[in-house]
Amino acid sequence: MTSPVIISATAKHTATLIFFHGLGDTGHGWASSMAAVRSPHIKVICPTAPTMPVTLNTGFRMPSWFDLLSLDSTGPEDEEGIRKAADMVHSLIAEEVAAGISTKRIVLGGFSQGGALAMFSALTFPEPLAGIIALSSWLPLHKKFPAEAIGNKSTPLLQGHGDCDPMVPYRWGQMTASLLKQFMTQTEFKTYRGMMHTSCEEEMRDVKKFIEKVLKP
């Protein structure tokens, strides 16, 4: 894997935000947006996914956290790849813990495939995290939940989705939200009118508020 983009805290480092980009992007794609919404005590880590052939894009090689096999919510999934990517996320958390940051001071977030990875990694992680952010996203291997959820069921989750998303259908976001509500206690699903597969100022303001709430100085 390429080295992640790291934005150091500008005050004493007491919390960390790890944010995962979407398919075909790099850590640089979200670094400045995340830097703009974090507080001075928060370090931001934006990793870049390994480059691999993506079945959905006719085997074209691009940065991807795991293979995408279908655009159907009931279609086959790359279970091995998803679990391997989650192990990588858990090791990033372990590095922060080794540097003196408690898991309760770490937020996992991501956009699209990155948000899918953030949610799956948080729910399959036994220690409590500070929060989870999933933008324009879905829960991978959703049929295995809630059985697979071994942790972070009471961790605050912010889920945002545009109602005009042509890539990850808004309906997927809604279906994910209703599934998560069955076993998570602090979920919030926000709809952004007219937004496609992207982000907007209003969503970024909501992300900033969420980070300020779960990672107080």
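- By the naming in an unreviewed UniProt entry, the protein goes by palmitoyl-protein hydrolase and is assigned to Ooceraea biroi.
- Quoted straight from UniProt, the Subcellular location (unreviewed entry) entry for the protein says "Cytoplasm".
- What UniProt states about the protein under its Sequence similarities (unreviewed entry) heading is, verbatim, "Belongs to the AB hydrolase superfamily. AB hydrolase 2 family."

**Brief notes about the packing of aromatic side chains**
Two measures describe an aromatic ring pair: the distance that separates the ring centres and the angle between the ring planes.
Link 1 in the chain: Per the stated rule, a full pass over the model turns up seven aromatic pairs.
Link 2 in the chain: An angle of 35° between the planes, with centres 5.1 Å apart, marks the rings of W30 and F111 as tilted. Of this pair, W30 sits in helix α1 (residues 28–37) while F111 sits in strand β6 (residues 106–111); the two residues are 81 residues apart in sequence, bridging distant segments of the chain.
Link 3 in the chain: The buried category is assigned to F111, whose relative accessible area is 9%.
Link 4 in the chain: Ring-pair connections join several aromatic residues into one group, and the members of that group are F19, W30 and F111.

**Let's talk about the pattern of salt bridges**
Link 1 in the chain: Throughout the structure, instances matching the rule amount to nine salt bridges.
Link 2 in the chain: Note that E148 and R83 form a salt bridge whose closest N and O atoms lie 3.0 Å from each other. In this pair, E148 is assigned in the loop between β7 (131–135) and β8 (157–162) and R83 in helix α2 (residues 79–98), connecting sequence segments 65 residues apart.
Link 3 in the chain: Linking E188 and K190 is a salt bridge whose minimum nitrogen-to-oxygen distance equals 3.7 Å.
Link 4 in the chain: The class for K190 is partly exposed, based on a relative accessible area of 27%.
Link 5 in the chain: Each member of the salt-bridge network shares a partner with another, and the members are E79, R83, K144 and E148.

**Here's the deal with the side chain of H21**
Link 1 in the chain: Its place among the elements puts H21 in the loop between β2 (15–20) and α1.
Link 2 in the chain: For H21, a relative accessible area of 1% corresponds to the buried category.
Link 3 in the chain: A polar contact of 3.4 Å, which involves the side chain of H21, links it to the backbone oxygen of D25.
Link 4 in the chain: Of the polar contacts made by the side chain of H21, one reaches the backbone nitrogen of A49; its length is 2.9 Å.
Link 5 in the chain: In this structure H21 touches T26, G27, W30, P47, T48, A49, P63, W65, F111, Q113 and G114, once residues within four positions along its chain are discounted.

**Looking at the packing of α2 against helix α3 (residues 113–123)**
A pair of packed helices can be characterised by two numbers: the angle between their axes and the separation between those axes.
Link 1 in the chain: Between α2 and α3, the least distance of the axes is 9 Å, while the angle of their chain directions is 75°. As summarised for this structure, α2 and α3 are arranged roughly perpendicular, according to the angle between their axes. Counting all contacts with α2, which are made through I82, R83, A85, A86, M88, V89 and H90, the residues of α3 involved are L117, F120 and S121.
Link 2 in the chain: Grouping the amino acids of the contact of α2 with α3 by side-chain chemistry returns seven nonpolar, two polar and one charged.

**A short note on the state of the cysteines**
Link 1 in the chain: Under the defined criterion, the tally for this structure stands at zero disulfides.
Link 2 in the chain: There is no disulfide at C200, and the cysteine sulfur nearest it, in C164, is 12 Å away.

**Some words on the UniProt feature "domain: Phospholipase/carboxylesterase/thioesterase" (unreviewed entry) in the protein**
Link 1 in the chain: Taken from the UniProt record, the annotation "domain: Phospholipase/carboxylesterase/thioesterase" (unreviewed entry) applies to residues 3–214.
Link 2 in the chain: Each end of residues 3–214 is marked by a C-alpha atom, and these two atoms are 27 Å apart; helix forms 33% of the span and strand 21%.

**Some remarks on the side chain of T155**
Link 1 in the chain: Here T155 is to be found in the loop between β7 and β8.
Link 2 in the chain: On the basis of relative accessible area, T155 is assigned to the buried category, the value being 4%.
Link 3 in the chain: At 2.7 Å, the side chain of T155 and the side chain of N152 are in polar contact.
Link 4 in the chain: When neighbours within four sequence positions are excluded, T155 is seen to be in contact with L129, A130, G131, I132, M184 and Q186.

Calculation notes
Residues numbered from 1 in each chain as written. Predicted model: local features only at pLDDT ≥ 70, side-chain atom pairs only at ≥ 80, totals over all residues. Heavy atoms only, no water. UniProt positions renumbered as here; feature names shortened; annotations may be inferred. Phe/Tyr/Trp six-rings, centres within 6.5 Å; stacked < 30°, edge-to-face > 60°. Helix = DSSP H or I, 4+ residues; strand = E, 2+ residues; numbered from the N terminus. Buried < 20%, exposed > 50% of the residue type's maximum accessible area, 1.4 Å probe, protein only. Salt bridge = Lys/Arg side-chain N within 4 Å of Asp/Glu carboxyl O. Polar contact = N/O pair within 3.5 Å; in protein donor to acceptor, adjacent residues only side chain to side chain. Contact = heavy atoms within 4.5 Å. Axes fitted to C-alpha atoms, helices over the stretch in contact; angles between N-to-C directions. Parallel < 35°, antiparallel > 145°, perpendicular 65-115°, else oblique. Nonpolar A, V, L, I, M, F, W, Y, C, P; charged D, E, K, R; others polar. Disulfide = S-S within 2.5 Å.

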